[in-house]
Amino acid sequence: MFQNRSCPGFRTLVILTIILGTYICRPTALWGQGATVSLQDFVANGNTIPLSDHCVRLTPAEDWSSGSIWYKESIDLTFSFEMELNIMFGCDDESGADGIVFVFADTRDVLGYQGEGMGFSGLQPSLGIEVDTWENDHLADPWQDHIAILQHGHVHHYYNLAGPERIENVEDCELHQFGISWDHTSKRLSVQLDGEERIAYTGDITEQIFAGNPHVYWGITAATGRYNNRHEVCFEKLDFDLAIDELVFNKALEGQLIRGDAIVLESIQFEDGSTSISKRSFPDLYRLMNLMKANPGLDLRINGHTDSDGSEFINEKLSRLRALAVAKFLSQQGVEKNRIHVKGYGEKYPLATNDTSIGRMKNRRIEVQLYNPRT
Ligand SMILES: [Ca+2]
Ligand SMILES: [Ca+2]
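What you see is a predicted model, and the numbers here were worked out from it, not measured in a lab.

Trainee: Before we move on, could you go through unusual backbone geometry and cite the residues and values that matter?
Mentor: Omega for the peptide link from Q124 to P125 comes to 0°, which places this bond in the cis form. When you line up the elements, P125 lands in the loop between β8 (99–105) and β9 (126–132). With an omega of 5°, the peptide bond between G163 and P164 qualifies as cis. With respect to the helices, strands and loops of the structure, P164 is situated in strand β11 (residues 162–166). One non-glycine residue, D194, lies in positive phi territory at about 50°. With respect to the secondary-structure elements, D194 resides in the loop between β13 (188–193) and β14 (196–202).

The following block contains the structure:
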């Protein structure tokens, strides 16, 4: 089982069941305690159609079709993450085509060329992890099934970042465990199949592929060509924190705070299930501290909110403890305790729906408000 220990505040654990060929939607092992996945968290393109609340078909068993599905929010490559998928690559080793690509790109809602392009070809900038089950000689495909790490929509193996590595036939009607992990510290991207690493790439993906932008989208593409296969995906489990902008606490936000607006500090995050503030929150907390010190006549309200997962009682307690953790941080930095006022609202005031993972992430938040206690 994957465990993301390097960045517990930014866990990306996803279980997908990708079914190529024959559709079987069945429960898979659960990795982590993520909330229920909903297709509302994704955007679909091309021939993709929903099959249930968490399953889609990317292509039908028809020639020249293609489909993709993308998670709506970006992830942040400045933090490590791990993903776990279960893939069923179909039952026909002879004439099923073309394969699937797991894609990172700087935009979502896109679909590349069909056929041998597997819906990835033409997407730039991008990084793709392909599982190709159809040999195209002119693309330097090795004989039979193979895996490779591709870049910028190129499916010719001349342009590989890594591979191609031949793998045993995976079109065997069996579910295959497929894992992707990114270690930000070592800048190593590792891909595992059935519990073993099959291919890896070490490099600064943010700089090399995405011109310094660490916020990228992820999705899955599939396509058919002169031969076809049915490509289907089931999202079984997803536990995911959103990428946040570096300058959440900017001058405009400071102005809003001074005016007395209540502001959600999206950058203030907590390690999962705990009241420990994530290190990535510190820069904005220091900015809040400076604002308090520069405005000694103003007091601060810190309101904690949670999503609706878990009991109302626990959520109220957790939201208060998290708000208190922010208050403690500020008082340790020299802000007077009697200027800081804390409230835990639990799940009472959602900003978004609790039916989707993105909505729940928006609902888990710390809100701050400056005010003059003498007026
Ligand atoms: Ca191919
Ligand atoms: Ca095969």
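Trainee: I'd love a proper account of the packing of helix α3 (residues 282–294) against helix α4 (residues 312–332), names of residues and values included.
Mentor: Their axes nearest at 10 Å, the elements α3 and α4 cross at an angle of 60°. In terms of orientation, α3 and α4 fall into the oblique class. Relative to α4, the crossing made by α3 is right-handed. Contact residues: L285, L288, M289 and M292 in α3; V326, F329 and L330 in α4. Residues that form the contact of α3 with α4 fall into these classes: seven nonpolar, no polar and no charged.

Trainee: Summarise the environment of Q192; cite the residues concerned and give the values.
Mentor: Here Q192 is to be found in strand β13. Remark: the alpha-carbon pair of Q192 and L85, spanning 107 residues in sequence, is separated by 9.8 Å. Aside from chain neighbours lying at most four places away, what touches Q192 is G179, E197 and R198.

Trainee: Break down the sheet that holds strand β18 (residues 299–305) for me, citing the residues and quoting the values.
Mentor: Judged by pairing direction, the sheet is mixed, and its four strands sit side by side in the order β17-β20-β18-β19 without closing on themselves. Lying at the two open borders of the sheet, with one neighbouring strand each, are β17 (262–264) and β19 (340–344). Across the sheet, the mean angle from the axis of one strand to that of its neighbour is 20°, orientation sign disregarded. Relative to strand β20 (residues 365–371), β17 runs antiparallel, the two sharing three bridges. Opposite A262, over in β20, you have Q369 as the bridge partner. Where α4 meets the sheet, its contacts fall on β18, β19 and β20, and the angle it forms with β19 comes to roughly 160°.

The rules behind these values
Residues numbered from 1 in each chain as written. Chains lettered and ligands numbered in written order. Predicted model: local features only at pLDDT ≥ 70, side-chain atom pairs only at ≥ 80, totals over all residues. Helix = DSSP H or I, 4+ residues; strand = E, 2+ residues; numbered from the N terminus. Axes fitted to C-alpha atoms, helices over the stretch in contact; angles between N-to-C directions. Parallel < 35°, antiparallel > 145°, perpendicular 65-115°, else oblique. Left-handed = near helix turned anticlockwise from the far one by under 90°. Contact = placed C-beta atoms within 7 Å. Nonpolar A, V, L, I, M, F, W, Y, C, P; charged D, E, K, R; others polar. Pairing = 2+ DSSP bridges.

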